[in-house]
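Working through the structure, step by step
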Amino acid sequence: MNLKVAAEIHRVGLEVGYFEVKDVIQWTDQLIEELDHPPIELIDVSLAVNQHPAEVRSKLKLVKGHVDATFIVKVILGLINEYLKESRDFSNVGYMLTMVNEIPLEDSELASELWWVMEWEILAIKELAGNLEDARKGIEDFLKQFSGYEKYYTPEKTVVR
């Protein structure tokens, strides 16, 4: 996996609440141990142990390279899908999707679909439209389309290119 892709998956995952700072630090520490000449940006992240998640995210953004932001979001949605299948914890998934919904996406169809799924759940919670069971089924169906993207999150296979 490209280092920039891995860094962005961790940055966005941290932003939406999928990862915690300790997860990101653990990833960078492991990677630093494996590399002969780790990039200074990774060392900076590794040293951010007691920093706010926003500071860690800004350090991850400094990793050099270019990625497709929509692809990164799809990987995160694939990871959230796996999390939901394993945990059935809609409260965390709802929070994570709300945070994903705040990320500007170039794919307007994906952004619109995510917005409508989140809106449906809000209306169901407020008992204004539909029911919560149907809204949650809609979330599951939405996330299923990203099944398979989680395979792009392979931190143990990160290489510097």
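Each remark here, short or long, concerns the structure printed above.
This section reports on the structure supplied with the text. In this text, all values refer to a predicted model and were calculated from it rather than measured experimentally.

Pairing of side chains with opposite charge becomes possible as their charged atoms draw close. One pass over the structure, following the stated rule, counts ten salt bridges. Where Lys22 meets Glu20, a salt bridge forms, and the shortest distance between an N and an O atom there is 4.0 Å. One salt bridge in this structure joins Glu82 and Lys85, with 2.9 Å as the shortest N-O distance. Within this pair, Glu82 and its partner Lys85 are both found in helix H5 (residues 69-87), separated by three residues, close to a single helical turn.

Another aspect to go through is helix H2 (residues 21-34). End to end, H2 covers 20 Å across 14 residues, agreeing with the expected 20 Å (1.5 Å per residue, within 8%). Val21, Val24, Ile25, Trp27, Thr28 and Leu31 are the residues of H2 that are buried. Axial view of H2: buried residues confined to an arc of 160 degrees, hence all on one face. Those residues of H2 that are exposed and angled more than 90 degrees off the buried face are Lys22, Gln26 and Glu33.

With that out of the way, let us pick up the environment of Asp89. Mapped onto the elements of the fold, Asp89 is located in the loop between H5 and helix H6 (90-101). Setting aside anything within four residues of it in sequence, one finds Asp89 in contact with Tyr83 and Leu84. Within the structure, the side chain of Asp89 is placed 3.3 Å from the side chain of Tyr83, a separation counted as a polar contact. Polar side-chain contacts of Asp89 include one of 2.6 Å to the side chain of Ser91.

How each quantity is defined
Residues numbered from 1 in each chain as written. Predicted model: local features only at pLDDT ≥ 70, side-chain atom pairs only at ≥ 80, totals over all residues. Heavy atoms only, no water. Salt bridge = Lys/Arg side-chain N within 4 Å of Asp/Glu carboxyl O. Helix = DSSP H or I, 4+ residues; strand = E, 2+ residues; numbered from the N terminus. Expected span 1.5 Å × (residues − 1). Buried < 20%, exposed > 50% of the residue type's maximum accessible area, 1.4 Å probe, protein only. Arc of directions from axis to C-beta. Contact = heavy atoms within 4.5 Å. Polar contact = N/O pair within 3.5 Å; in protein donor to acceptor, adjacent residues only side chain to side chain.

No statement about biological role is implied by the geometric values presented.
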